Amino acid sequence: MADPAKRAAWTEAATDYALENGLIGLSLRPLAVALGTSDRMLLYHFADKDDLVAEVLLTSSDRSVALISELPDAPDPTAAVLALWRAHQGSEQLHRCQRMYVEAAALGLFGKEPYASAVGQANARWMTALVGYLVRSGVPASVGERAAVLVDAVLMGLQLDEPLQSSELEESALRDLAGVVAQIASSGQR
């Protein structure tokens, strides 16, 4: 019978490996060597490679959620948006988790499993954390999800375009986003 503690430890180690090496082209043999085991032993603890990949994606997502959940509450919605961007920029762990998410989302977009299902679960967890952070920072709960969807879309877009954008244009877009989120927040207080 598979050992749940060993499965959990290998999930964490496999997540570290995938964050460093990426998901695209992930192969069990090199992963097993890096973990100090065999691909057969991994498959003893995971139903198949897809099961392992799904666990890695969810673990990475949970790490991102933990980083957002640990952010101190911002004094207002504008400051919250700016703090989220600083967190994205200042945390290599969050940056790597987001990069893995993009890889998985691209594969999931075409219905490829386990990516599509795991990305759906990761999105739900991420949005819950993001809404929670914005609400704790002054966005009314009635418009929290609306604000979170906008913040998530813009921050992800800025991250993807970061190598292509000037920092001045990026900062301007961020200030615009913060202003729009403040407006959304004020509309929810009426």
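Scroll up to find the structure.
Residues numbered from 1 in each chain as written. Predicted model: local features only at pLDDT ≥ 70, side-chain atom pairs only at ≥ 80, totals over all residues. Heavy atoms only, no water.

Comments concerning the pattern of salt bridges
What counts here: Between Lys or Arg on one side and Asp or Glu on the other, a salt bridge is scored when a side-chain nitrogen of the former is within 4 Å of a carboxyl oxygen of the latter. Secondary structure elements follow DSSP: runs of H or I of four or more residues count as helices, runs of E of two or more count as strands, with numbering from the N terminus. Three labels apply to residues, based on accessible area from a 1.4 Å probe with only protein chains included: buried if under 20% of the type maximum, exposed if over 50%, partly exposed otherwise in between.
Evaluated as defined, the whole model comprises 8 salt bridges. For the salt bridge of Arg 7 with Glu 55, the shortest nitrogen-to-oxygen distance reads 3.7 Å. Of the two residues, Arg 7 sits in helix α1 (residues 4–21) while Glu 55 sits in helix α4 (residues 49–69), which places them 48 residues apart along the sequence. With relative accessibility at 22%, the residue Arg 7 sits in the partly exposed group. With its nearest N and O atoms 2.9 Å apart, the salt bridge here joins Arg 136 to Asp 73. Remark: Asp 73 occurs in the loop between α4 and α5 (77–90) and Arg 136 occurs in helix α7 (residues 115–136); sequence separation between them is 63 residues. Linked by salt bridges that have partners in common, Arg 7, Asp 51 and Glu 55 make up one network.

Quick look at helix α9 (residues 167–188)
Applicable threshold: Expected span of a helix, by definition, is 1.5 Å for each gap between consecutive residues, and there is one gap fewer than residues. An arc is given here, and it is the one of the directions from the helix axis to the C-beta atoms. Only heavy atoms matter for contacts: two residues are in contact if any of them lie within 4.5 Å across the pair.
If you check α9, its first and last C-alpha atoms are 31 Å apart, about what 22 residues at 1.5 Å a residue would give, namely 32 Å. For α9, every residue scored as buried is listed here: Glu 170, Leu 174, Leu 177, Ala 178, Val 181, Ile 184 and Ala 185. The buried residues of α9 occupy one face: seen down the axis, they fall within an arc of 120°. Turned more than 90 degrees away from the buried face of α9 sit Glu 168, Arg 175, Asp 176 and Gln 183, all of them exposed. In the core, the buried residues of α9 are packed alongside α5 and α8 (141–161).

A closer look at the nonpolar core
Which entries qualify depends on this criterion: Joining through side-chain atoms within 4.5 Å is the link that ties buried Ala, Val, Leu, Ile, Met, Phe, Trp, Tyr and Cys residues into a set, and such a set is a nonpolar core.
By size, the foremost hydrophobic cluster in this structure holds 31 residues, and its most contacted members are Ile 68, Leu 84, Leu 130, Tyr 133, Leu 134, Val 151 and Leu 155. Looking at this core, the elements with two or more residues in it are α4, α5, α7, α8 and α9. Setting aside anything within four residues of it in sequence, one finds Leu 84 in contact with Ile 68, Leu 71, Leu 130, Tyr 133, Leu 134, Val 151 and Leu 155. Core analysis: the second largest hydrophobic core is formed by 24 residues, Ala 14, Leu 52, Val 53 and Val 119 among them.

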